[in-house]
Amino acid sequence: MKLTIGAQYHDLKTVSKMWSIRELMGNKKSLDLMNNLLPVNPNPTSRQSWQVAKNESSRIVAKRPICDESDAMEESLLTKIDTAEMTGSFLHLHLALDAKDLDLDTMEAHYTVMARGLSGDINYEENDGPCGELNMIAVSNPCVIDRTLAPEGYIVVHAYGAGNEPYDIWANLTRTSKDYKELKEKRASILWKAVESIIPDARERVVADLVGSPITHERFLRRPKGTYGAATEDYLKDGSTPIEGLVLCGDGIFPGIGVPAVAYSGASAANAMVDPFKHWKCLDYLKSKELI
Amino acid sequence: MKILLGGLGKVIDALVKGVEKGGVSKVNLRSQVKSIDTTADGKKVLGLTLANGKKIKAKEGVICNAPVSRTYM
């Protein structure tokens, strides 16, 4: 059995525009307020966790720009937004595998595979380590705990580098080009190796395989540069703004990236819209039901 | 161990169900937001304008989950 997945996406005529808080604020006066009434920089510079070094080869380096933390408290909301460091993007390998003779009961639901070891490889990159480029690979094997996720006799596996794939090396490629397909194959070989360290004959078991790149993230998730979200050090401490009735939430706001954290920031924002006495009433109700 | 049967999609289904419970709120998909609208002085949120031109008035306010990073396209 060989499946073709995703064919419908190739027919998409229109792609949703990227979006960001700054660009959604239609009124310039609101931006001025978000910038403490200081002149708004029309063209701020983005910061990325991963950059391709400009001075030499195509070596990819991790760079957290040095900034004076003492100034951070003085920064306006707009400056914080404009300069928040974007973490790297993702590389995904989604697999549907024939599970013949695989004993799921002896397997784990989740594996962490270090492609170059826990301490990294200094020959690969001077500052390599656990968070190095495509070093920590997560392999999710969810059928171990939920057999309904694939038809009987098959499993789904998802291997990915979370936030450790640079965008820059993909930036100028067209999705339909040969170069793009080749780069996908080349980069995904690291993910394949991670899967093969658990299921050695994984390639022979393939029913469907899909590779997702930073371009995929950018296109389908509308993420600027395919980013995972803001770097931890640059989260906004809460979603409040100087504009009455506007509250921010999402992965740029504490507690940050990932579904649970983002759901929490959404709930916090919703709570911020509710009168404290209503909160109180709600807590009393939960108490009366012995739920808290 | 508590597990979620049916995959991550079930979380989304549950969240949507929660939002739409009681028929007061609705989740609108494929409704691209063009701008967050404010009073002329920029101090208070009024609502949203969608890409198709439709305006939505905010009863309480606007909670925005757009990425903070600028797009630089």
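On a predicted model such as this, the values are computed, not experimentally measured, just so you know.

> Is there a simple way to think about the overall build of chain A in this case?
On a plain count of helices and strands, chain A comes out with 8 helices and 10 strands. Within chain A, buried positions represent 32% of all 292 residues. The contacts in chain A between residues at least 6 apart in sequence include a share of 67% that link residues at least 24 apart.

> What is the right way to read the sheet that holds strand 3 (residues 55–57) of chain B from this model?
What links the strands of a sheet is backbone hydrogen bonding, and the strands pair in either a parallel or an antiparallel sense. Residue and element names in this part refer to chain B. Reading across from one edge, 1-2-3 is the order of the 3 strands in this open sheet, with antiparallel pairing throughout. Edge positions in the open sheet fall to strand 1 (33–38) and strand 3, since each of these has one partner strand only. The average angle at which neighbouring strand axes cross in this sheet is 25°, direction not considered. Alignment of strand 2 (residues 45–50) against strand 3, held across 3 bridges, turns out to be antiparallel. Opposite Leu48, over in strand 3, you have Ile56 as the bridge partner.

> Is there a simple way to explain the nonpolar core in this structure?
One broad trend across soluble globular proteins is that nonpolar side chains are buried collectively. The biggest cluster of nonpolar side chains holds 28 residues, and the ones touching the most others in it are A:Ile21, A:Leu246, A:Leu248, B:Ile36, B:Val62 and B:Cys64. Secondary structure elements with two or more residues in this core: helix 2 (28–34), helix 4 (77–83) and strand 10 (246–248) of chain A together with strand 2 and strand 4 (62–64) of chain B. When neighbours within four sequence positions are excluded, B:Ile36 is seen to be in contact with A:Leu24, A:Met25, A:Gly26, A:Leu246, B:Val45, B:Leu48, B:Val62 and B:Cys64. Membership of the second largest hydrophobic core comes to 26 residues, among which are A:Ala96, A:Tyr160, A:Ala188 and A:Ile190.

> Looking at this model, I keep getting lost on the domain arrangement of chain A. Mind explaining?
One widely used convention gives an interface's size as the accessible area the parts lose upon coming together. Domain annotation of chain A identifies domain 1 (88–226) and domain 2 (235–292). Taking only C-alpha atoms, the centre of domain 1 of chain A and the centre of domain 2 of chain A are 34 Å apart.

Analysis parameters
- Residues numbered from 1 in each chain as written.
- Chains lettered and ligands numbered in written order.
- Predicted model: local features only at pLDDT ≥ 70, side-chain atom pairs only at ≥ 80, totals over all residues.
- Helix = DSSP H or I, 4+ residues; strand = E, 2+ residues; numbered from the N terminus.
- Buried ≥ 20, exposed ≤ 12 C-beta atoms within 10 Å, placed from the backbone.
- Contact = placed C-beta atoms within 7 Å.
- Pairing = 2+ DSSP bridges.
- Axes fitted to C-alpha atoms, helices over the stretch in contact; angles between N-to-C directions.
- Core = buried A, V, L, I, M, F, W, Y, C linked by C-beta atoms within 7 Å.
- Domains from an automatic or database assignment.

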